[in-house]
Amino acid sequence: MRSVDTIIVGGGIIGACILRRLTEAGHRCALIEQRRAGLGATGYSGAMVRLAHPTSAEIAAAGVGLRAYSQIEAETDGELALRKCGHLYFGSLERLETILPFVQAISPQACILSPQQIAKRFDGMDVTVEAAIFEPEAGFADPIAFTRHQVLQALRNGAMLCEATEMHHLIVDNGTITGVTTSAGDITASQVVLASGAQTPEILETQGLRGPELWSQRIQVGQFSFARDTANWPGFVDEDRALNGLPGPGPSQYRFGLPTYQKADSATETTACPNHLARTRSTVGDCLPEAKTAQSDGALCHPDCYGHEPIGTIGPAIGGPEGLFMATGFSGGGFKMAPYAADRIHQFLC
């Protein structure tokens, strides 16, 4: 029987960052992933790393991610790097002026732009908003490559990787975690971290655990082609419309995400939501009118774990056995929060 200190369930970017953080601290860790690391919700992620959020706590947490991914760029000599497309955070001028100092504490180049300045700076990106915080250091990553890198670094520090392996049950003795049963045999450990994304609600239910309110929600990102070159357009978030945008793979392509508010039937569901592309286009058109005539190129769809906490559910499992921890419920924003989640789990376990 294999034995480690900590088992991490879920090989997305959250689990990979936790694995690396703990192994660097001297923990003997095993990562259990039912497919291959990075190929679940992480692989469908826009992987945007940006700072501006409604609260200073969220901004600080995102800042941990920005610094960590910059470190990966340095240690790979630029082979892995954020594509520094920049990012706009739309909102009222009053609200943005409140948030800006916290953003500038991490990224001094951040500033507030008017719609006129946005259109001039970004090739006719005409937006009907009051203002936006612009972060020139923000960008997006190749989520699978970054995840695999974190796993590789952990393996070099002695971690155990169990891909193509399903976790069946937690092993609990007198209210304390002693390991897990898997499709590849039992593994003993005194600590288990659920970084299991969209599977988390099902795992909690199967194990008979109450836990926080979490659910698996369908995410859909629509891709559109514009009649103009959008290659230098930054990403954006419009909190009031629950809308986000990200540069697409082609010079005139752009991607838009709008919540579906639909629970997923399974943790691997990839079917598109009926009529959601039309709803996305309509909502985008309220702040970016040119999107109303853009050509639809389809959508990327995958579920993720949603919850009520803005930075995710991180820490000991409520009502669970001693030694069970959670790092999940990031509501589609897990990539930028993964290094922060890893630091928090490390603090709990050390």
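Fair warning: this is a prediction, and the values are worked out from it, not measured in the lab. (Residues numbered from 1 in each chain as written. Predicted model: local features only at pLDDT ≥ 70, side-chain atom pairs only at ≥ 80, totals over all residues. Heavy atoms only, no water.)

(A) Local environment of the pattern of salt bridges. According to the stated counting rule, one finds 8 salt bridges in the structure shown. For the salt bridge of Glu163 with Arg148, the shortest nitrogen-to-oxygen distance reads 2.5 Å. In this pair, Glu163 sits in the loop between strand S9 (160–162) and strand S10 (167–173) while Arg148 sits in helix H6 (residues 143–156), placing the two residues 15 residues apart along the sequence. Overall, Arg148 belongs to the partly exposed group, its relative accessible area being 25%. For the salt bridge of Asp238 with Arg241, the shortest nitrogen-to-oxygen distance reads 2.5 Å. For Asp238, a relative accessible area of 2% corresponds to the buried category. (Salt bridge = Lys/Arg side-chain N within 4 Å of Asp/Glu carboxyl O. Helix = DSSP H or I, 4+ residues; strand = E, 2+ residues; numbered from the N terminus. Buried < 20%, exposed > 50% of the residue type's maximum accessible area, 1.4 Å probe, protein only.)

(B) Quick look at helix H8 (residues 276–287). An ideal rise of 1.5 Å per residue puts 16 Å on 12 residues; H8 measures up with 17 Å between its terminal C-alpha atoms. For H8, every residue scored as buried is listed here: His276, Thr280, Thr283, Val284, Gly285 and Cys287. Where H8 is buried, its residues touch strand S14 (214–225), strand S15 (235–238), strand S16 (243–247) and strand S17 (253–257). (Expected span 1.5 Å × (residues − 1). Contact = heavy atoms within 4.5 Å.)

(C) Here's a closer look at the packing of aromatic side chains. If you walk through the whole model with that rule in mind, you get 14 aromatic pairs. Pairing Phe236 with Phe256 gives two aromatic rings, centres 6.1 Å apart and planes at 55°, and the pair type is tilted. One end of the pair, Phe236, is in strand S15; the other, Phe256, is in strand S17, and 20 residues separate them in sequence. Phe256 matches Phe236 in its accessibility class, with the two residues each being buried. (Phe/Tyr/Trp six-rings, centres within 6.5 Å; stacked < 30°, edge-to-face > 60°.)

(D) Layout of the pairing of strand S7 (residues 131–135). Along S7, 5 of the 5 residues are buried, which leaves the element largely enclosed by surrounding structure. Here S7 shows a buried face lined by Ala131, Ile133 and Glu135 and a second buried face lined by Ala132 and Phe134. Where strand S5 (residues 87–91) and S7 come together, 5 bridges link them in antiparallel fashion. Note on S7: the bridge partner recorded for Gly91 is Ala131. Relative to S7, strand S6 (residues 111–113) is paired through 3 bridges, and the arrangement is antiparallel. (Pairing = 2+ DSSP bridges.)

(E) Region of interest: the sheet that holds strand S19 (residues 313–316). An order of S9-S3-S2-S13-S20-S19 is seen for the 6 strands of this open sheet, with the pairing classed as mixed. This sheet does not close on itself; its edge strands, each paired only once, are S9 and S19. Strand-to-strand, the axes of this sheet are offset by a mean angle of 15°, without reference to chain direction. Sheet topology places strand S2 (residues 6–9) next to strand S13 (residues 191–194); 4 bridges connect them, and they run parallel. For Val9, the partnering residue across the bridge sits in S13 and is Leu194. Across the sheet, helix H1 (residues 13–24) is in contact with S2, strand S3 (29–32), S13 and strand S20 (324–328); its angle to S3 comes to roughly 170°. (Axes fitted to C-alpha atoms, helices over the stretch in contact; angles between N-to-C directions.)

(F) Looking closely at the sheet that holds S17. With respect to topology, 8 strands assemble into an open sheet ordered S6-S7-S5-S15-S16-S17-S14-S18, the strand pairing being mixed. Taken across any chain shown, the strands that pair with only one partner, and hence form the sheet edges, are S6 and strand S18 (295–307). Along the sheet, successive strands turn relative to each other by an average axial angle of 20°, direction set aside. With 5 bridges connecting them, S14 and S17 associate as antiparallel partners. Residue pairing for S17: Val221 is matched across the bridge by Gly257. Against the sheet, H8 engages S14, S15, S16, S17 and S18, with an angle of about 70° to S14.

Coordinates in, geometry out; function isn't part of it.
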